[in-house]
Amino acid sequence: MTMWINDILEKKQKILALSPMADMTDSAFCQIVRKIGGADIVFREMVSSEALIRDSKKTLGMTDFVEAERPIVQQIFGADPMIMARSAEIVMQHARPEGIDINMGCPVYKITSNFNGCALMREPDRAVQIIREMKRVLGDTPLSVKIRLGWSDPDDFKTFIPVIEDAGVDLITIHGRTKAQGYSGVSDWERIKQAKEIARVPLLANGDVHEPYQVAEILEQTKADGVLIARGALGNPWFFRLALEQGGAEDISREERFEIIKKHAHLHVAQYGERGMMSFRKHLSWYFKTNKLGRDIPGIKDIRARLVRVSSVLELEEVLDKIDVGISKL
Ligand SMILES: Cc1cc2nc3c(=O)[nH]c(=O)nc-3n(C[C@H](O)[C@H](O)[C@H](O)COP(=O)(O)O)c2cc1C
């Protein structure tokens, strides 16, 4: 098992990663990100530890991936140390990802009300037990944790980081908001910088890196060992390549964009079946946002209205082929 963290840091000094997003960073999307290139590692969407140990085929299927997606980290959420450890074992036996990540940042009530996600930042003893039990079964496979600044106090991380490090965590990602903030306000890069000063293990920064050029800015400001990109990559899987090439959206031709969207649709349907086009609509809506691909397409409002109703790959291809190809660059 390669230690992906050291491998990347030794080769490139900084880690550029796709952040885990429920219903979004599935196998099809990760394959697309990999095909375009630029990301060092992809974090797959969170899966429930409870569902894994109940033998849920659907949940186990969410951890399937193809070789081209490697190196990959599978995120798991849960609150019971033994169940978390057993579920990590199940994922390792099933899919052998390069790493396992624990979700300690999710602010959604359904998750936190069961002591999952960000609620663990209020329960450091429980968080420690989870990490210890998971480390025991994972051996050399890196265990990372994704946190927020805190529950309601934006300085919680100052005490939480040393605690989870002592428990044995190998890498930490910090999203610069509290649970109380949800997605309001902005990610506090100044506090992420403070987190980096405290951390003894590699620390990745996250939050509000919406454009590729901001990757250099957040790394410069926080001195973090890398960055996780979430919403910036939705509808823009070119994000990572553009960040490396210091390019902008205008560097990707419309032809290339359409080709990737079609490829993504095919992979999505291969994963979920033809009915999967229903759940592909959310990706289409991101691809054609007016600050993304929708920017320069005449009549984009009507086209979007059609796109969010497509029910087959064929229908999608027809809509795309009809869009005026007069402007080849966006
Ligand atoms: C649709 C969506 C789903 C998300 N799902 C997860 C998840 O499963 N696990 C997790 O740790 N964070 C999840 N997040 C949070 C992101 O990984 C990230 O921390 C947050 O969006 C801030 O980064 P950004 O400003 O680059 O979007 C999700 C965010 C979005 C928008």
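See above for the structure.
Residues numbered from 1 in each chain as written. Predicted model: local features only at pLDDT ≥ 70, side-chain atom pairs only at ≥ 80, totals over all residues. Heavy atoms only, no water.

J.: Looking at this structure, how should I read the site of the ligand?
T.: In the neighbourhood of the ligand, 15 residues make up the surrounding shell, with Ala-22, Gln-75, Asn-206, Asp-208 and Arg-231 lying closest. In the environment of the ligand, a nitrogen atom lies 2.8 Å from a nitrogen or oxygen atom belonging to the backbone of Ala-22. Here Ala-230 contributes a backbone N or O atom positioned 3.0 Å from an oxygen atom of the ligand. Out of a free accessible area of 610 Å², the ligand has 87% covered by protein chains. Taken together, the residues that form the shell around the ligand break down as six nonpolar, six polar and three charged. (Near = heavy atom within 4 Å. Polar contact = N/O pair within 3.5 Å; in protein donor to acceptor, adjacent residues only side chain to side chain. Areas by Shrake-Rupley, 256 points an atom, 1.4 Å probe, with all protein chains shown as cover. Nonpolar A, V, L, I, M, F, W, Y, C, P; charged D, E, K, R; others polar.)

J.: Can you walk me through helix H14 (residues 300-307) in this structure?
T.: Helical geometry note: an α-helix holds 3.6 residues per turn, so side chains three or four residues apart project in the same direction. All of the buried residues along H14 are Ile-300, Ile-303 and Leu-307. The buried residues of H14 occupy an angular sector of 60 degrees when projected down its axis, which confines them to one face. Within H14, the exposed residues directed more than 90 degrees away from the buried face are Lys-301 and Asp-302. On its buried side, H14 packs onto helix H13 (277-287) and helix H15 (313-322). (Buried < 20%, exposed > 50% of the residue type's maximum accessible area, 1.4 Å probe, protein only. Helix = DSSP H or I, 4+ residues; strand = E, 2+ residues; numbered from the N terminus. Arc of directions from axis to C-beta. Contact = heavy atoms within 4.5 Å.)

J.: For this particular structure, what's the right way to read the nonpolar core?
T.: The tendency in soluble globular proteins is for nonpolar side chains to be buried side by side. Ranked by internal contacts, the top residues of the largest apolar core, which has 65 residues, are Met-134 and Ile-147. Take this core: its biggest share by element is six residues, from helix H7 (residues 124-138). Among residues more than four places away in sequence, those in contact with Met-134 are Ile-76, Met-84, Ala-85, Ala-88, Ile-100, Ile-102 and Leu-143. In this structure, Ala-28, Ile-32, Phe-258 and Ile-300 belong to the second largest nonpolar core, which totals 28 residues. (Core = buried A, V, L, I, M, F, W, Y, C linked by side-chain atoms within 4.5 Å.)

J.: Is there a simple way to explain the sheet that holds strand S6 (residues 171-178) in this structure?
T.: The pairing of strands in a sheet happens through backbone hydrogen bonds and is either parallel or antiparallel. As summarised here, the arrangement of the eight strands in space is S1-S2-S3-S4-S5-S6-S7-S8, forming a closed barrel in which the pairing is parallel. Between one strand axis and the next, the sheet turns by 30 degrees as a mean value, whatever way the strands run. Across five bridges, the pairing between strand S4 (residues 99-104) and strand S5 (residues 143-150) is parallel. The residue bridging Met-104 from the neighbouring strand is Ile-147, located in S5. Contacts from helix H2 (residues 27-36) reach strand S1 (15-18) and strand S2 (41-48) within the one sheet, and its direction differs from that of S2 by about 175 degrees. Across the sheet, helix H8 (residues 157-167) lies against S4, S5, S6 and strand S7 (203-206), angled at about 165 degrees from S5, the strand it touches most. (Pairing = 2+ DSSP bridges. Axes fitted to C-alpha atoms, helices over the stretch in contact; angles between N-to-C directions.)

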